[in-house]
2 protein chains.
Amino acid sequence: MRWQDLETETCSVARTLSVIGDRWTPLILRECFFGNTRFDAFEKRLGIPRRVLSDRLKMLVEKGVLRREPYQGHARRFDYLLTERGRDLRPILLTMIAWGDKHMPMAGGPPRRVRHLDCGAVMTPVLHCSACGGAITADNVTTEANDSAAA
Amino acid sequence: MRWQDLETETCSVARTLSVIGDRWTPLILRECFFGNTRFDAFEKRLGIPRRVLSDRLKMLVEKGVLRREPYQGHARRFDYLLTERGRDLRPILLTMIAWGDKHMPMAGGPPRRVRHLDCGAVMTPVLHCSACGGAITADNVTTEANDSAAA
């Protein structure tokens, strides 16, 4: 498997990694979910080299995860905004947070709390089955080849 | 932020990325969840360079995600088995699958189907709130700094 082939692999993990499969990209997305939209803010908050940030933002726009809009009075400066496709990446980041909180805990508790606005509680997102609504555990789920899928 | 500092960052996304934040590692974990345990199987199925695979497996053992056990009759060959910490990474892979299936679809449908063994259905894992049980959407969740956490 070559990296440039990831997005055409017959595996949805590989295809997703073709978009978020480096260390910086999930952190850029984290900043987007925090509400940050500008190159300078990403650079300052992440300490990411400008060239790398520029490449990643370009890729995320090309992949349809972010869209860019010129901001008022600046023909060549842009806000980077999450598209629906980008916003749908949130569950991946939320499950990353849950794992990090549990398995790489910090003194004083988790660095950020996740709040469910519908009920107002600080909570941990957990996976449920879309069919029966029951909880998904490490032991009660399996994946199997879908023979009808094109190779 | 330097990469070697990721695991001590005050962010659970960053801390998780210190374990799975490259393209190969989630694919190695995918193979582990498929039930593969051996170096040669990982190498053959992924086409991963041996040196890279060796480094990643060593890292995953050091991080407590995999444990290795000598296999019968071979003092220097090992099975690589998921620990509980490793098995808890499954939700991250499942949410990656869900995103890839939705946003990078293939002709003929998703390459793998995810089955919930409790109810028997092929399903999509969805995130729910651990407090109220309600669904989590892109719009009804927020994160906030936990001021009691150590910086």
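Residues numbered from 1 in each chain as written. Chains lettered and ligands numbered in written order. Predicted model: local features only at pLDDT ≥ 70, side-chain atom pairs only at ≥ 80, totals over all residues.

What follows deals with the overall build of chain A. Across its full length, chain A carries six helices and five strands. What you see in chain A, going N to C, is helices and strands ordered as α-α-α-α-β-β-α-α-β-β-β. Considering only C-alpha atoms, chain A reaches an extent of 55 × 45 × 30 Å along its principal axes. Taking all 151 residues of chain A together, 34% fall into the buried category. (Helix = DSSP H or I, 4+ residues; strand = E, 2+ residues; numbered from the N terminus. Buried ≥ 20, exposed ≤ 12 C-beta atoms within 10 Å, placed from the backbone.)

Let's shift gears to the relation of the copies chain A and chain B. Both copies of the chain are related by one operation, a rotation about an axis with a shift along it. Once chain A is rotated about the relating axis by 180 degrees and shifted along it by 0.0 Å, it coincides with chain B to within an RMSD of 0.0 Å. Accordingly, the operation relating the two chain copies is best matched by a two-fold axis. By residue overlap, the copies meet face to face through one surface: 100% of the interface positions of chain A are interface positions in chain B. (Least-squares fit on C-alpha atoms with pLDDT ≥ 70 in both. Contact = placed C-beta atoms within 7 Å.)

This next bit is on the environment of Arg15 of chain A. Turning to its location among the elements, Arg15 of chain A is positioned in helix 1 (residues 12–20). As a C-alpha pair, Arg15 of chain A and Ser130 of chain A span 115 residues in sequence and 22 Å in three-dimensional space. Apart from the residues lying within four places of it in its own chain, the contact partners of Arg15 of chain A are Leu6, Glu7 and Glu9 of chain A together with Gly100 and Met104 of chain B.

Moving on, we get to the nonpolar core. In terms of nonpolar packing, the biggest core is built from 60 residues, with Ile92 and Leu93 of chain A together with Ile92 and Leu93 of chain B touching the most fellow members. With residues up to four places along the chain from it excluded, the contact list for Leu93 of chain A reads Pro26, Leu29, Arg30 and Phe33 of chain A together with Val13 of chain B. (Core = buried A, V, L, I, M, F, W, Y, C linked by C-beta atoms within 7 Å.)

With that settled, the discussion passes to the packing of helix 6 (residues 90–103) of chain A against helix 6 (residues 90–103) of chain B. A pair of packed helices is characterised by two quantities: the angle between their axes and the separation of those axes. One can describe the packing of helix 6 of chain A onto helix 6 of chain B by two numbers: an axis separation of 9 Å at closest approach and a directional angle of 180 degrees. Taken as axis vectors, helix 6 of chain A and helix 6 of chain B run roughly antiparallel relative to one another. Here helix 6 of chain A contributes Pro91, Ile92, Thr95, Met96 and Trp99 of chain A to the contact with helix 6 of chain B, which in turn contributes Pro91, Ile92, Thr95, Met96 and Trp99 of chain B. For the contact of helix 6 of chain A with helix 6 of chain B, the class distribution of residues is eight nonpolar, two polar and no charged. (Axes fitted to C-alpha atoms, helices over the stretch in contact; angles between N-to-C directions. Parallel < 35°, antiparallel > 145°, perpendicular 65-115°, else oblique. Nonpolar A, V, L, I, M, F, W, Y, C, P; charged D, E, K, R; others polar.)

Mean pLDDT over chain A works out to 90, with 95% of the residues at or above the 70 mark. Interface confidence for the predicted complex, given as ipTM, is 0.92, next to a pTM of 0.92. (pLDDT = per-residue confidence, 0-100.)

It is worth spelling out the interface of chain A and chain B at this point. Taken together, the contacts link 76 residues of chain A with 76 residues of chain B. For the side of chain A that touches chain B, the secondary-structure elements that each account for two or more residues are helix 1, helix 2 (24–34), helix 5 (84–87), helix 6, strand 3 (112–116), strand 4 (125–129) and strand 5 (141–145) of chain A. Tallying contributions element by element places helix 6 of chain A first for the side of chain A that touches chain B, with 13 residues. Along the lines of polarity and charge, the residues of the side of chain A that touches chain B split into 40 nonpolar, 20 polar and 16 charged.

Time to look at the packing of helix 1 of chain A against helix 6 of chain B. Their axes nearest at 8 Å, the elements helix 1 of chain A and helix 6 of chain B cross at an angle of 80 degrees. By the criterion of interaxial angle, the relationship of helix 1 of chain A to helix 6 of chain B is roughly perpendicular. For the pair formed by helix 1 of chain A and helix 6 of chain B, the contact residues are Ser12, Val13, Arg15 and Thr16 of chain A on the first element and Leu93, Met96, Ile97, Trp99, Gly100 and Asp101 of chain B on the second. Along the lines of polarity and charge, the residues of the contact of helix 1 of chain A with helix 6 of chain B split into five nonpolar, three polar and two charged.

Within the element layout of this structure, Gly109 of chain B appears in the loop between helix 6 and strand 3 (112–116). Here the alpha-carbon distance between Gly109 of chain B and Leu93 of chain B, two residues 16 residues apart in the chain, equals 18 Å.

Turning next to the environment of Arg23 of chain B. Residue and element names in this part refer to chain B. With respect to the element layout, Arg23 can be found in the loop between helix 1 (12–20) and helix 2 (24–34). Here Arg23 falls in the partly exposed class, since 18 other C-beta atoms lie within 10 Å of it. Taking the C-alpha atoms as reference points, Arg23 and Arg68, separated by 45 residues in sequence, lie 22 Å from one another.

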